[in-house]
Amino acid sequence: MTCHHRLACTLAALLLAGAAHAQGGAAGVMTVEVFANSAMLVTPEPSPALPYQLKVYRLDAMRNIEAAINQNLPQTEAEAQQWIAANEARIRRQVQPQVESAAQGLTLAANYRLSRIPAIVINRKTVVYGITDVHQALELARRQPGGKP
C-alpha cells in the first residue's frame with residue numbers, strides 16, 4: 001500500500017490497528033487452546049481467518065459418544081453384539097476425530113495442570129479460567145502483569 005498523504009497513511013494505520021484490537025489484540029498470539037465441555041459455547045468458532053491457530057477441546061466428548069452409542073443399542077446382549085458388528089466400521093469413522101481430539105485434550109489439560117474448565121491456554125503458557133470468549137481471554141491476558149498476548 002502506498003500512501004500519498006501523511007494523513008491517509010496515519011488513518012490507514014489506525015484502521016489496521018483497530019482491526020487487530022477487534023480480533024482480541026492478538027498480536028504475538030500464535031496458538032489458543034480452549035478446554036471446555038459440550039454445554040459451553042465457545043466464541044469465536046475455529047476458522048482459517050483468525051490470526052492465530054484456535055483449537056477447541058471438548059473434554060466430555062468420550063462420555064457423550066458412549067451415551068449416543070448406548071442409546072442406539074438393542075436391549076438384549078445378543079442383539080446388541082449383532083448391531084455393533086454390523087455398525088462398527090461406520091461408528092469408528094464417525095467418532096474417530098472426536099475421540100482423538102478428546103484424548104489429546106485430556107492429555108494437554110493434564111500437561112498444563114489445568115484445575116478446572118473452562119480454561120483458555122494462550123501460546124501454551126498463559127491460562128485464563130472461567131470464560132469461553134477467546135477475545136475476552138486475550139484481552140484479560142494482555143492486561144495481566146507480565147501478560148504478553
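What this report covers is the structure whose coordinates are included nearby. This one's a predicted model, so the numbers in the text were calculated from it and none came from an experiment. (Residues numbered from 1 in each chain as written. Predicted model: local features only at pLDDT ≥ 70, side-chain atom pairs only at ≥ 80, totals over all residues. Heavy atoms only, no water.)

### Quick look at the packing of aromatic side chains
- Applying the stated criterion across every chain, the model contains 2 aromatic pairs.
- Measuring from ring centre to ring centre gives 5.2 Å for Phe-35 and Tyr-57, while their planes differ by 25 degrees; the resulting arrangement is stacked. Placement of the pair is Phe-35 in strand β1 (residues 31-36) and Tyr-57 in strand β2 (residues 53-58), with a sequence separation of 22 residues.
- Accessibility expressed as a relative area gives 3% for Tyr-57, which makes it buried.
- For the ring pair Phe-35 and Tyr-112, a centre distance of 6.0 Å and an interplane angle of 85 degrees mean the geometry is edge-to-face. With Phe-35 in strand β1 and Tyr-112 in helix α3 (residues 77-112), this pair connects stretches of sequence that are 77 residues apart. (Phe/Tyr/Trp six-rings, centres within 6.5 Å; stacked < 30°, edge-to-face > 60°. Helix = DSSP H or I, 4+ residues; strand = E, 2+ residues; numbered from the N terminus. Buried < 20%, exposed > 50% of the residue type's maximum accessible area, 1.4 Å probe, protein only.)

### Observations concerning the environment of Lys-55
- As for its position among the elements, Lys-55 is in strand β2.
- Remark: the alpha-carbon pair of Lys-55 and Glu-45, spanning 10 residues in sequence, is separated by 9.0 Å.
- Setting aside its immediate chain neighbours within four residues, Lys-55 contacts Val-32, Glu-33, Val-34 and Ser-101. (Contact = heavy atoms within 4.5 Å.)

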